[in-house]
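Fold and geometry: a report
If you want the building blocks of each chain, they are given just below.
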Amino acid sequence: GAWIPSARKTSPEGAMERRSRYPGTRPFSDTEEDRRLFFGRSEETDRLFLRVLSVDLLVLFGRSGLGKSSLLRAGLFPRLRSKEYLPVTVRLNTPGEPLATAAARGIDRACEAEGLDPPKVTAPDLRTLLGGTTIWREDLLLTPVLVLDQFEEVFTLHDAQFRHQVATELGAL
């Protein structure tokens, strides 16, 4: 079909509002509507998906505004879910909160969003957390794929001791 750059939609109040294929300054989300609007980056999504499957740690970096978060949320995440993976967004933006605690919260949220039973596991470190976490979709055991979103916050919101701890835990994986 032809691409239509914008569409008009009637708001609940009856007024016409303009909708654009591009969300503006916010990235595409991991929602059905945004996944339908997100297209034209299938080659990048394919390459990223294959890289994620081929390595234990992958760093995706680039300047702000290039669409990294959109590529992850609207491109990669649905592809991972179509296989035996569960994409898990982890934010390290709470000062003093250990990596394992943030990851456990991310896992629980990802499970709840998928209608899965969250494992509600706690652990002193990331390796123990991941080793003791099982997530099932019916009879399929899922592998969590942790996405440390806005990783620069490790440097802007935390001290050197926290950065060292995160590096140690990631290295142990």
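Structure's up top.
Here goes a summary of the coordinates provided. In every chain, residue numbers begin from 1 and rise along the written sequence. Given that this is a predicted model, residues contribute local features only at a pLDDT of at least 70 and side-chain atom pairs are listed and counted only at 80 or more, while totals for whole chains, interfaces and linings are drawn from all residues. To obtain the side-chain values, all non-hydrogen atoms of the structure were included, while hydrogens and water were left out.

**Considerations on the side chain of Glu153**
A helix here means a DSSP run of H or I that spans at least four residues, while a strand means a run of E at least two residues long, and both kinds are numbered starting from the N terminus. With respect to the helices and strands, Glu153 occurs in helix H6 (residues 153–156). Should any heavy atoms of two residues lie within 4.5 Å, those residues are considered in contact. Here Glu153 is in contact with Arg91, Leu92, Asn93 and His158, once residues within four sequence places are set aside.

**Things to note about the packing of aromatic side chains**
Only rings of Phe, Tyr and Trp enter the pairing, Trp through its six-membered ring, and a pair is recorded when the two centres are within 6.5 Å. The plane angle decides the type: under 30 degrees is stacked, over 60 is edge-to-face, the rest tilted. Per the counting criterion, the structure on display carries one aromatic pair. Consider the rings of Phe151 and Phe155, whose centres lie 6.0 Å apart with planes at 75°: the pair is edge-to-face. Only protein chains enter the accessibility calculation, which uses a 1.4 Å probe. A residue is then buried if its area is under 20% of the maximum for its type, exposed if over 50%, and partly exposed in between. For Phe151, a relative accessible area of 31% gives the class partly exposed. Lysine and arginine charges are scored as sitting over a ring when NZ or CZ, respectively, is within 6 Å of the ring centre and within 35 degrees of the ring normal. Here the guanidinium or amino end of Arg79 rests over the ring plane of Phe49, the centre of that ring lying 5.6 Å away.

**A word on the pairing of strand S5 (residues 140–149)**
Remark: a regular strand shows side chains that alternate across the two faces of the sheet. DSSP calls a pair of strands paired once it identifies at least 2 bridges connecting them. Across seven bridges, strand S3 (residues 85–91) lies against S5 in parallel orientation. Each residue of the ladder has a partner; that of Pro87, found in S5, is Val145. In the sheet, strand S4 (residues 135–137) pairs with S5 via three bridges, with the strands oriented antiparallel. Its bridge partner lying in S5, Trp136 is registered against Leu141. Taking the residues between adjacent antiparallel strands as the criterion, S4 and S5 are bridged by two residues, where Glu138 takes a positive phi near 55°.

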